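Okay, here's what each chain looks like letter by letter:
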Amino acid sequence: MEQTYVRCGKLFAGDSDDILSNHTVVVEGENVQRIAPTESLPSAPHIKELDFSGHFVIPGLIDVHTHLAYGNAKTEEDIDLYAAMEFRALRGLFFAQQVLGAGFTSICAPGDAGMVSSSIRDAIDAKLFEGPSVTAAGPYITSRQGLTDWYPTWIGAPATSIGRLVKSRDEAIEEIRRQVKDGVDAVKLALDGIQRRPDGEYIAAFTQDETTAMVDEIHRLGRIAIVHARGREATLYAAKAGVDLIFHASYMDDEGLEAVLKNKCTISPSLTLLLNAIEFTQPWDAVRRKGRNDAYQIEFDQAVKVLKNAHAAGVPMPIGTDSGFAVTPYGEWHARELEIYVDYLGFSPLEALKAATSVSARVLRPKDRVGVLAPGYKADLVALHADPLKDISILLQRERFGGVVSKGKLVPKFPTSYEPRKVSDFSLNMFSDLYTRARVQELQAAAETASI
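Cut-offs applied
Residues numbered from 1 in each chain as written. Predicted model: local features only at pLDDT ≥ 70, side-chain atom pairs only at ≥ 80, totals over all residues. Heavy atoms only, no water. Buried < 20%, exposed > 50% of the residue type's maximum accessible area, 1.4 Å probe, protein only. Helix = DSSP H or I, 4+ residues; strand = E, 2+ residues; numbered from the N terminus. Contact = heavy atoms within 4.5 Å. Salt bridge = Lys/Arg side-chain N within 4 Å of Asp/Glu carboxyl O. Phe/Tyr/Trp six-rings, centres within 6.5 Å; stacked < 30°, edge-to-face > 60°. 1 Å grid on protein atoms, 1.4 Å probe; cavity = no way out; pocket = protein on both sides within 12 Å on 5 of 7 lines; lining within 4 Å. Points joined across faces, edges and corners; volume = space filled by probe spheres on them. Nonpolar A, V, L, I, M, F, W, Y, C, P; charged D, E, K, R; others polar. Disulfide = S-S within 2.5 Å. Pairing = 2+ DSSP bridges. Patch = residues over 30% accessible without salt bridge, like charges linked within 9 Å, V, L, I, M, F, W, Y side chains within 5 Å. Areas by Shrake-Rupley, 256 points an atom, 1.4 Å probe, with all protein chains shown as cover. Expected span 1.5 Å × (residues − 1). Axes fitted to C-alpha atoms, helices over the stretch in contact; angles between N-to-C directions.

**Student:** Is there a simple way to think about helix α6 (residues 232–241) in this case?
**Tutor:** Residues spaced three or four apart along an α-helix point in a common direction, a consequence of the helix completing one turn every 3.6 residues. Counting buried positions along α6 gives eight out of ten residues, so the element sits mostly inside the fold. Of the residues making up α6, those classed as buried are Glu233, Ala234, Thr235, Leu236, Tyr237, Ala238, Ala239 and Ala241. Buried residues along α6 sit in contact with α5 (208–220), β11 (224–229), β12 (245–248) and α7 (254–262). Phi turns positive one or two residues past the end of α6, at Gly242, with a value near 80°.

Quick look at the structure:
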């Protein structure tokens, strides 16, 4: 089998605090065969070399919250209704390659329409196309109180939606079994999302008993259990049920944290979506006009308090960005979550790198063997022109990359240009204002003042 020597100036293996100097990663096929001091491995005519001897080399990064079917959506309707499933799969493969080019060699696609993510996964696994390793879930399982049942009751959750509405425990169990038969790696539950009590607290979408039954069935069938849970109640139910991965947990209380620690759950805060929306959106964006950005700020501030405590208590926190929305486009902001961990949650840069590699790998397909550079693991790595332990933000700077290696091969620079309005802007939003006589007069007066 063909061997490649990857010469490294500095090397972070992913699961240790040690930074090795002048070591070489020996790659055999797709996997790491061994790591040894460079001086002990002289060049040979029959061995290919990748010279990163002037670089800081880290394992390929992992984003456990990348929705391949969303298409950088601006609306819920664009997520669910307008694009054909076949187009979503083709589009998702293109965007998966943008993620790979950003140094994220593995992703979890936790909740997408139909079999879009698993189809992308299978095409990449079959080597039909280059792309990151994909751990794929099917549609969210939701109730009338859950995220993804966001249309009126007379519409429900369409067949093309990212949600699958269940109306009983038996339906939920049957849906889990159906998804497992169809080949998912993970099953995602929408454990809260839209309904709130008068005091503003999220209502859990399922009871504790229902949640436990679903998680038990997911685990009985050998799959990864993932939940969307921002609220206190949903996070508690998920933790007591022993889920593998909780997204958000923004309003988790002490009881929830105790259950998370007891049952060894992981939490992916996915704060990039919130912070990008707070910092980047404009006055004319709907989230601003409807006051949702104020809610995002409240949640972000609360989440920072809660999750900083969770990190201090030792909760593992995989990296996830909720990529796939217009404010978190594919290939653009994945590494921002590491910055947030360092700037807001009390992580050191080394801890953040571990979170994006060996910690995130815990909630991916076990057979992928990623997140660590060690014998028998995938030869996924990123070579950087500077030291990320001094400045974690360089992971966002593509020009600071010396190269990305996926499964032992140097990744080409995928084309990134495309026509956004032909990709996801399918819903018809004709006007951004209500043009009453009073409003027209107001706008005309403002225009006249501006022209003076």
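**Student:** Before we go on, may I ask you to explain the pattern of salt bridges in this structure?
**Tutor:** Side chains bearing opposite charge may pair, as long as their charged atoms lie close to each other. Tallying each qualifying case throughout the model produces 25 salt bridges. The closest approach of N and O atoms between Arg178 and Glu175, which form a salt bridge, is 2.7 Å. In this pair, Arg178 and Glu175 are both assigned in helix α4 (residues 169–181), three residues apart and thus about one turn of the helix distant. With a shortest N-O distance of 3.9 Å, Asp368 and Lys378 are connected by a salt bridge.

**Student:** Help me understand the side chain of Lys378 in this model?
**Tutor:** Positionally, Lys378 belongs in the loop between α12 (349–359) and β14 (381–384). Dropping the residues within four chain positions of it, Lys378 is found in contact with Glu30, Asn31, Val32, Ser133, Asp368, Arg369, Val370, Val372, Leu373 and Lys407.

**Student:** Explain the environment of Cys108 here, please?
**Tutor:** Within the secondary structure, Cys108 is located in strand β6 (residues 104–109). What makes Cys108 buried here is its relative accessible area of 0%. Cys108 sits 23 residues away from Gly131 along the chain, and the two C-alpha atoms are 13 Å apart. Discounting chain neighbours no more than four positions away, the residues touching Cys108 are Asp63, Val64, His65, Thr66, Thr135, Ile226 and Leu364.

**Student:** I would appreciate a short explanation of the packing of aromatic side chains in the present structure.
**Tutor:** A ring pair, where both rings are aromatic, is described by two values, the distance of the centres and the angle of the planes. Within this structure, the stated rule accounts for ten aromatic pairs. Note on Tyr341 and Phe347: the rings are 4.6 Å apart at their centroids and 40° apart in plane angle, and the pair reads as tilted. Classification of Tyr341 by relative accessible area gives buried; the value is 0%. A connected cluster of aromatic rings, assembled from ring pairs, spans Phe94, Phe95, Tyr330 and Tyr418.

**Student:** In this structure, what is going on with empty space enclosed by the protein? I would like to understand it.
**Tutor:** One water molecule sets the probe size; rolling that probe over the atoms shows where empty space is left. A full pass over the atoms with the stated rule returns one cavity of 30 Å³ or more. By volume, the largest cavity is sized at about 40 Å³. Around the largest cavity, the lining residues are Gly114, Met115, Val116, Ser117, Ser118, Ala137, Gly138, Asp182 and Val184. Here the residues of the lining of the largest cavity sort into four nonpolar, four polar and one charged.

**Student:** Got a minute to help me understand the state of the cysteines in this structure?
**Tutor:** By definition, a disulfide links the sulfur atoms of two cysteine residues through a covalent bond. Applying the stated criterion across every chain yields a total of zero disulfides. Cys265 provides the cysteine sulfur closest to Cys108, a residue in no disulfide bond, and the two sulfurs are 16 Å apart. For Cys265, a relative accessible area of 1% gives the class buried.

**Student:** Can you walk me through the pairing of β14 in this structure?
**Tutor:** Sheet faces and side chains relate simply in a regular strand, where the side chains alternate between the two faces. Side-chain alternation along β14 places Leu381 and Ala383 on one buried face and Val382 and Leu384 on a second face that is also buried. Relative to β14, strand β4 (residues 48–59) is paired through four bridges, and the arrangement is antiparallel. Bridging from a neighbouring strand, Pro59 pairs with Leu381 of β14. When β14 meets strand β15 (residues 401–406), the two strands line up antiparallel, connected through four bridges. Bridge pairing in β15 places Val382 opposite Val404.

**Student:** Explanation requested: the environment of Val180 in the structure shown.
**Tutor:** Among the secondary structure elements, Val180 is positioned in helix α4. Since its relative accessible area comes to 13%, Val180 is described here as buried. Excluding residues that lie within four positions of it along the chain, Val180 makes contacts with Leu221 and Arg223.

**Student:** Would you mind showing me how to read a nonpolar patch on the surface here?
**Tutor:** A cluster of nonpolar side chains, namely Leu428, Met430, Phe431, Tyr435 and Leu443, defines an oily patch on the protein surface of about 600 Å² accessible area. Turning to its location among the elements, Leu443 is positioned in helix α13 (residues 437–451). Since its relative accessible area comes to 34%, Leu443 is described here as partly exposed.

**Student:** What is the right way to read α5 from this model?
**Tutor:** With 13 residues, α5 should reach 18 Å at 1.5 Å per residue; the first-to-last C-alpha distance of 18 Å fits that figure. Among the residues making up α5, those that are buried are Thr211, Ala213, Met214, Val215, Glu217 and Ile218. Directly after α5, the chain includes Gly222, whose backbone phi takes a positive value near 75°.

**Student:** Help me out: how do you make sense of the sheet that holds strand β16 (residues 409–410) in this one?
**Tutor:** The sheet built from seven strands is open, its strands ordered β3-β2-β1-β4-β14-β15-β16 with mixed pairing. If you trace the sheet from one side to the other, it starts and ends with β3 (31–37) and β16, each paired once. Here α12 sits on the sheet in contact with β1 (3–12) and β4, set at roughly 145° to β1.

**Student:** Even after reading the chapter, I still don't get the sheet that holds β6, so can you show me in this structure?
**Tutor:** Adjacent strands of a sheet pair through backbone hydrogen bonds, lying either parallel or antiparallel. An order of β5-β6-β7 is seen for the three strands of this open sheet, with the pairing classed as parallel. Each having just a single partner strand, β5 (61–63) and β7 (133–136) make up the two edges of the open sheet. In this sheet, neighbouring strand axes are inclined to one another by 15° on average, regardless of whether the strands run parallel or antiparallel. Strand direction decides the pairing type here: β6 and β7, joined by four bridges, are parallel. Opposite Ile107, over in β7, you have Val134 as the bridge partner.

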